[in-house]
Every structure is written in structure tokens, then in C-alpha cells.
Amino acid sequence: PGFMDSETGSYNNAAHRENIRAALREKHIHLVIFVDRLDSKRVDAADRAVMQHITDVFGADVWNHALLALTHAHLLSPDDLPYASYVAGRVGEIRSAIESVVSAAPGSFALPYTLIENSRHCPINDQSEGVLPDNSTWLPNTWAFLLNAAKERVGFTYSP
């Protein structure tokens, strides 16, 4: 379960928040993955509310342990930007929004990212792997990204 019900647009209640806190209390957490769409036009109020909710539950330091996963990664920029610029722009928007939510200075959080796509519209290669517009294969890259991040990061113990 996430922090917001996508069907109703409502945020999960205090009981849900407490269930998360109780389940994770004193657990060692290596990574927190924040998932959003690459093709969203902007960071909207719902995105900011979820960012704030995550910050309220885990504290601002959670963003030092966060990774970004961008879905719908087979889609090209609606503004005809080069793919790398399109991705970098979206990552920058999300990073800036998080920094704004937690009142952090620009560049405070690295927020490494990976691109995800499992749509039937995504081209595939001879090994049946989804190929993104930059010719990368998203699934092997995402696994490598997550494994490296888990090995490299110290993590934190959640103590609300």
C-alpha cells in the first residue's frame, strides 16, 4: 500500500501511518524507492503531499536513502527534447520538489534514479528485454542499479 489512494485521491489515514511505523520500528532500512511517472507534466499538489507524508513519517533524512524509479520510460518527450534531457529534467523537477518540501538547499539530495517500463508498447530486443529510447534495457539496468545501491549504502534504523 502506498501513501495515497490513487482511485480516490485521498491520503491514507493516521492508522495506516501508525501501521507503517509499527511494522518498520527499529528495522534497518537500506533503500526507500520513490516511484513516479517520467511522463508527468509537472510535480503537482498530490506529489508534494506524498513527499510531505513520507517526510512526516520517516523524517527528512529519509531522502538521503531514497532512490527514484520513473515509470513509463519508453515514452519520448512531448516537447521533442533529447531523451537524456527529458529524463534529467524530470529528475530535477522531482529533486527540487523534495528539497522544497523539506526546506533543504538545492543539491541536498542525490536522488539516484532508474527507468522502468513494462508496457506492451515498449520495443524489445532479441532477448525479449524492454529497450528504452536511449537503447538501454530497463530490467537488467534496474536490477544492477538496485543491487549496487543496496551494497553501497549504509542505510538507517527507523526509530520514530
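Residues numbered from 1 in each chain as written. Predicted model: local features only at pLDDT ≥ 70, side-chain atom pairs only at ≥ 80, totals over all residues. Heavy atoms only, no water.

Colleague: If you had to explain the pairing of strand β2 (residues 32-37) to someone new, which residues and values would you point to?
Modeller: Each regular strand shows side chains that alternate between the opposite faces of the sheet. Residues of β2 alternate between two faces, with V32, F34 and D36 buried on one and I33, V35 and R37 left unburied on the opposite face. Summarising the sheet, β2 and strand β3 (residues 66-71) pair through 6 bridges and their orientation is parallel. Opposite F34, over in β3, you have L68 as the bridge partner. (Buried < 20%, exposed > 50% of the residue type's maximum accessible area, 1.4 Å probe, protein only. Helix = DSSP H or I, 4+ residues; strand = E, 2+ residues; numbered from the N terminus. Pairing = 2+ DSSP bridges.)

Colleague: Could you give an account of unusual backbone geometry, with specific residues and numbers?
Modeller: Positive phi values are uncommon outside glycine, yet S103 reaches one of about 55°. Among the secondary structure elements, S103 is positioned in the loop between α3 (83-101) and β4 (113-115). Positive phi, close to 45°, is recorded for L111, a residue that is not glycine. Residue placement: L111 occurs in the loop between α3 and β4. Overall, L111 belongs to the buried group, its relative accessible area being 2%.

Colleague: Outline helix α4 (residues 138-152), listing residues and values.
Modeller: The terminal C-alpha atoms of α4 lie 21 Å apart, and with 15 residues this matches the ideal 21 Å at 1.5 Å per residue to within 8%. Turning to α4, its buried residues are W138, T142, F145 and A149. With its buried residues spanning 65° around the axis, α4 presents them on a single face. In α4, the exposed positions angled more than 90 degrees off the buried face are occupied by W143, L147 and K151. In this structure, the buried residues of α4 make contact with β3 and β4. (Expected span 1.5 Å × (residues − 1). Arc of directions from axis to C-beta. Contact = heavy atoms within 4.5 Å.)

Colleague: Before we move on, can you summarise the pattern of salt bridges with the specific residues and values?
Modeller: Under the defined criterion, the tally for this structure stands at 4 salt bridges. In this structure, the salt-bridge partner of E18 is R21, at a minimum N-O distance of 2.7 Å. Taken together, the residues span about one helical turn, with E18 and R21 both in helix α1 (residues 14-24) at a distance of 3 residues. What makes E18 partly exposed here is its relative accessible area of 38%. The residue D36 makes a salt bridge to R90 at a minimum N-O spacing of 3.2 Å. One end of the pair, D36, is in strand β2; the other, R90, is in helix α3, with 54 residues separating them in the sequence. Pair check on accessibility: D36 and R90 agree, each one buried. Salt bridges linked by common partners bring D36, R90 and E93 together as one network. (Salt bridge = Lys/Arg side-chain N within 4 Å of Asp/Glu carboxyl O.)

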